[in-house]
Amino acid sequence: MSEDARLPADRLWPLATAVALVCSAVVAGLMWFVTVPYYAMWPGPIGEVVDYVTVEGGPTVHPLNGDLYLLTVSLQEVNAYALVEGWLDPGVDVVPRDVIRPEGVTPEEHRERNLQMMDDSVDSAILAALGYLGVPVERAEDGVRVVSVLEDGPAAGILEPGDVLVAVGHAPVQTRDEATDAISAREIGDIVVLSILREDGRHDLDVILGDHPEQPGRPMVGVGLGDYTPPAELPFEIDIDRATSGGGPSAGMMYALGLIELLTEEDLVRGHIIAGTGTISSDGHVGPVGGVRQKVIAARNAGARYILVPEQNYPDALAAGLDGVEILAVSSIDEAVEAVRGLPV
């Protein structure tokens, strides 16, 4: 190209700038549609617990004098812009995706697991409340749920997600610890009989124990285990709307507390505004949950004066640094009831 054909510098720079701006706009637009491997967690909606509990054919139901709120978090995979926004917002936590949804688990599988945990939590809440009230309940066999099966692991093709493990080597197991301890006590290469429940009945299945890939020398079956609440024959009808928690088990304690309040002649709440979160087992143990900081912020925003949290989550709840609220740590449904009963008049 001759020198005469070259664009003058004063015309070249505006053109280059325009091209750069267009390219930047295209890249910026694309970034809205590209998610990054993080979730943003912020305060979610709250709900009045007793609005979701129905009791029929049983004891007298007493009206609630005050408020009992269950707490949730809103959770969403984010794009680059939302990631930066979350980092800058003190009310939002940004966490790696595999903390919320482990690698290899699809969003649909993650949702189904959360819904299953919610169902188990509701069943546990009912049993914990009735246990506290001394109402006798006939229960089916205890066990632990198989939530995942390791591909190419010892149990692949033998066990299935949804199975309920009720015995190892014909010895009953009722918790994950009992099941893993029973397996760990054996040797790699041993054949162990696993008794499981499926929709079509009970089965005794042989599994050859393999070597744990992350803990060499330790035998494993190659399954992930979760909590399981066995079916129960209730003395009267109790229904809890399972669509309120959005999946997951973290409303369990508040469901149990709400049911106790409804079926107890004593006015426990006494006009207070109380919020809370925590898992619960059928024997009344309260366990830790995620998103506590966001939940206590949501509780404060809803006007709650007192917030019940699991003992393990107490430091995180305090770290929210909220004025005008009192955080109460509990480890059982008995402690939760006593905490409410002990609030000032």
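In this text the structure is predicted, and so the values were computed from the model without any measurement.

What counts as what
Residues numbered from 1 in each chain as written. Predicted model: local features only at pLDDT ≥ 70, side-chain atom pairs only at ≥ 80, totals over all residues. Heavy atoms only, no water. Buried < 20%, exposed > 50% of the residue type's maximum accessible area, 1.4 Å probe, protein only. Helix = DSSP H or I, 4+ residues; strand = E, 2+ residues; numbered from the N terminus. Arc of directions from axis to C-beta. Contact = heavy atoms within 4.5 Å. Pairing = 2+ DSSP bridges. Axes fitted to C-alpha atoms, helices over the stretch in contact; angles between N-to-C directions. Core = buried A, V, L, I, M, F, W, Y, C linked by side-chain atoms within 4.5 Å. Expected span 1.5 Å × (residues − 1). Phe/Tyr/Trp six-rings, centres within 6.5 Å; stacked < 30°, edge-to-face > 60°. Lys NZ or Arg CZ within 6 Å of the ring centre and 35° of its normal. Salt bridge = Lys/Arg side-chain N within 4 Å of Asp/Glu carboxyl O.

Asker: Break down helix α5 (residues 176-184) for me, with residues and values.
Answerer: Where α5 is concerned, the buried positions are Ala179, Ala182 and Ile183. Down the axis of α5, the buried set is contained in an arc of 95°. They therefore lie on one face. Turned more than 90 degrees away from the buried face of α5 sit Asp177 and Asp181, all of them exposed. Summarising the contacts, the buried residues of α5 are in contact with β8 (144-149), β9 (164-168), β14 (219-220) and β15 (223-226).

Asker: Please give an account of the sheet that holds strand β18 (residues 273-276) that cites residues and values.
Answerer: With mixed pairing, 5 strands are arranged side by side in an open sheet as β2-β4-β18-β21-β22. Both edges of this open sheet fall to β2 (47-48) and β22 (326-330), since each of them pairs with a single strand only. Pairing geometry for β2 and strand β4 (residues 67-70), over 2 bridges, is antiparallel. The residue bridging Glu48 from the neighbouring strand is Tyr69, located in β4. Contacting β18, β21 (306-310) and β22, helix α9 (residues 333-341) runs over the sheet at an angle of about 150° to β22.

Asker: Any chance you could break down the nonpolar core for me, citing the residues and the numbers?
Answerer: Counting residues in each nonpolar core, the largest one holds 40 residues, and the members touching the most others are Met254, Tyr255, Leu257, Leu259, Ile274, Leu308 and Ile333. Residue assignment for this core shows that the elements contributing at least two residues are β3 (53-56), β4, α4 (107-133), β17 (237-240), α6 (252-263), β21, β22 and α9. At 9 residues, α6 tops the list of elements feeding residues into this core. The contact partners of Ile274, leaving out residues within four places of it in the chain, are Asp67, Leu68, Tyr69, Val269, Tyr306, Leu308, Val340 and Leu343.

Asker: Tell me about α4, and please be specific about residues and values.
Answerer: Between the first and last C-alpha of α4 there are 39 Å, a value that for 27 residues agrees with the 39 Å anticipated at 1.5 Å per step. When we look at burial in α4, the residues that qualify are His110, Met118, Asp120, Ser121, Val122, Ser124, Ala125, Ile126, Leu127, Ala128, Ala129 and Leu130. Gly134 sits one or two positions beyond α4 and adopts a positive phi of about 75°.

Asker: Which residues make up the packing of aromatic side chains, and what are the values?
Answerer: All told, the structure shown has 0 aromatic pairs when counted by the stated rule. Against the face of Tyr306 rests Arg305, its NZ or CZ located 5.0 Å from the ring centre.

Asker: Quick one: what's the story with the pattern of salt bridges, residue by residue and with numbers?
Answerer: For the coordinates displayed, the defined rule picks out 8 salt bridges. Among the ionic pairs, Asp163 bridges to Arg198, the shortest N-O distance being 2.7 Å. Highlighted residues: Asp163 in the loop between β8 and β9 and Arg198 in strand β11 (residues 191-198), separated in sequence by 35 residues. Accessibility expressed as a relative area gives 2% for Asp163, which makes it buried. Here Asp227 and Arg176 are joined by a salt bridge, their closest N and O atoms 3.5 Å apart. With Asp227 in the loop between β15 and β16 (232-233) and Arg176 in helix α5, this pair connects stretches of sequence that are 51 residues apart. The structure contains a network of salt bridges with shared partners spanning Glu160, Asp163 and Arg198.

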